Amino acid sequence: MIYLNNEEKINKLKEKMNINNICIFLDFDKTITTGNSEDSWAASANIEVFGENLSNDLDKYAKKYAPIELDYTIDVAEKEKYMEEWYEKCMDLYYEYHLTKNNLKKSIENSKLILRKGAKEILFKAHENNVPVIILSAGIGNVIEQFLKEQECYYENITVISNFIKFDENGNMIKFSDNMIHSLNKNIDKLGNLKVKEAIKNKTYRIGIGDLVEDMYMMGEYPADKLLKIGFLNKNIAENLEVYKKNFDIVLTKESNFYDIEKYLGLPRI
């Protein structure tokens, strides 16, 4: 189902946006992938590659912290502390289990990541028309890039900003990238990516697509009338629908997909 929460604004943007003046910000987990797909953290811990221990430990943390992430009654400052705690614990597991470049690659190849319908097509259209696409994810960047390459939809106009794992010349894990990205600190202004800033500096309008309310911060501080905010509400629909309707211009539920967005916005023009 699709909910339009500011039709006047949406219609004005539809009239003004074109391939030359837009850029697209995308979340990855549960956005580019489906709401019932495993996430990029789980995809890096495939049981066939690592056995059950790493996967079970990640799942244990997810069961504790994921409900907090989806609870919009919790104070933001308190919630951010929980998110930092969650991500630090998950990152520590990869050191503990001695992750290598080779077993990470095998894990991704055996993962249960599921591309959301229409995602491949919208990425292709953006590529064909040189529209900058910024994938800003609290997941694992290595997983995102390899998966999109496997799906044949990773193009030069795409920039992935995420938690990347660095390896030494022997393929052994050294560390995660310095700036931890979790669901509450995704903001292009604060991350200071020069490549992205250059790519979007002449783009008037920004389209943001995510599955959490906090995903919309990824577009940075920008005039509200030049932002189109689109949210996939995958879980806790009854509890969170009103929150999503207050924060997104368009809300899509029940495994909606990118074809739904294209159909309504006329995005084949991209």
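Residues numbered from 1 in each chain as written. Predicted model: local features only at pLDDT ≥ 70, side-chain atom pairs only at ≥ 80, totals over all residues. Heavy atoms only, no water.

1. Some remarks on the nonpolar core
Counting residues in hydrophobic clusters, the biggest one holds 83 residues, and the most contacted among them are Leu26, Leu123, Ile135, Leu148 and Ile230. For this core, the element with the highest residue contribution is helix α5 (residues 76-96), accounting for 7 residues. Apart from residues no more than four positions distant in its own chain, Ile230 is found in contact with Ile207, Gly208, Ile209, Gly210, Met216, Phe248, Ile250, Leu252, Ile261 and Leu265. (Core = buried A, V, L, I, M, F, W, Y, C linked by side-chain atoms within 4.5 Å. Buried < 20%, exposed > 50% of the residue type's maximum accessible area, 1.4 Å probe, protein only. Helix = DSSP H or I, 4+ residues; strand = E, 2+ residues; numbered from the N terminus. Contact = heavy atoms within 4.5 Å.)

2. Observations concerning the environment of Glu150
Counting through the fold element by element, Glu150 comes out in helix α8 (residues 141-150). Distance in space between the C-alpha atoms of Glu150 and Glu109 is 8.4 Å, their sequence separation being 41 residues. With near-sequence residues (within four places) excluded, Glu150 lies in contact with Ile108 and Glu109.

3. With respect to the confidence of the model for the protein
Overall, the prediction assigns the protein a mean pLDDT of 92, with 98% of residues at 70 or greater. Ranking the helices and strands of the protein by mean pLDDT puts α8 first, with 97, and helix α12 (residues 258-265) last, with 85. (pLDDT = per-residue confidence, 0-100.)

4. A closer look at the state of the cysteines
If you walk through the whole model with that rule in mind, you get 0 disulfides. The thiol of Cys153 is unpaired, and the distance to the nearest cysteine sulfur, on Cys23, comes to 19 Å. According to the relative accessible area criterion, Cys153 is buried, its value standing at 0%. (Disulfide = S-S within 2.5 Å.)

5. Quick notes on the sheet that holds strand β4 (residues 158-163)
If you walk across this open sheet you meet the 7 strands as β1-β9-β8-β7-β2-β3-β4, and the pairing is mixed. Looking at the sheet topology across the chains shown, the edges are occupied by β1 (2-4) and β4. Going across the sheet, the axis of each strand differs from the next one's by a mean of 15°, ignoring polarity. Two elements, strand β8 (residues 227-233) and strand β9 (residues 250-253), share 4 bridges in a ladder whose sense is parallel. Note on β9: the bridge partner recorded for Leu233 is Thr253. Here helix α1 (residues 7-16) sits on the sheet in contact with β1, β7 (205-210), β8 and β9, set at roughly 120° to β8. Lying on the sheet, α8 is in contact with β3 (133-140) and β4; it crosses β3 at an angle near 125°. (Pairing = 2+ DSSP bridges. Axes fitted to C-alpha atoms, helices over the stretch in contact; angles between N-to-C directions.)

6. Observations regarding a negative patch on the surface
A grouping of Glu84, Glu88, Asp92 and Glu96 is seen on the molecular surface, where their side chains present a negatively charged patch. What makes Glu84 partly exposed here is its relative accessible area of 32%. (Patch = residues over 30% accessible without salt bridge, like charges linked within 9 Å, V, L, I, M, F, W, Y side chains within 5 Å. Areas by Shrake-Rupley, 256 points an atom, 1.4 Å probe, with all protein chains shown as cover. Salt bridge = Lys/Arg side-chain N within 4 Å of Asp/Glu carboxyl O. Lys, Arg positive; Asp, Glu negative; His and termini not counted. Charge placed at Lys NZ, Arg CZ, Asp CG, Glu CD.)

7. What about the packing of aromatic side chains?
Applying the stated criterion across every chain, the model contains 12 aromatic pairs. Seen from their ring centres, Tyr95 and Phe176 are 6.5 Å apart, and the 75° between their planes marks the pair as edge-to-face. Remark: Phe176 occurs in strand β6 (residues 173-176) and Tyr95 occurs in helix α5; sequence separation between them is 81 residues. Relative accessible area serves as the criterion here: at 35%, Tyr95 is assigned to the partly exposed category. Every member of this aromatic cluster is reached through a ring pair, and the members are Trp41, Tyr65, Trp86, Tyr87, Tyr94, Tyr95 and Phe176. Cation over ring: Lys79 sits above Tyr72, and NZ or CZ is 4.2 Å from the ring centre. Above the ring of Phe232, the side-chain terminus of Arg116 is found at 3.8 Å from the ring centroid. (Phe/Tyr/Trp six-rings, centres within 6.5 Å; stacked < 30°, edge-to-face > 60°. Lys NZ or Arg CZ within 6 Å of the ring centre and 35° of its normal.)

8. Some words on the pattern of salt bridges
Scanning all chains against the criterion turns up 13 salt bridges. With its nearest N and O atoms 2.8 Å apart, the salt bridge here joins Glu262 to Lys125. Taken together, the residues span a long stretch of sequence, with Glu262 in helix α12 and Lys125 in helix α7 (residues 119-128) at a distance of 137 residues. The class of Lys125 is partly exposed, set by a relative accessible area of 22%.

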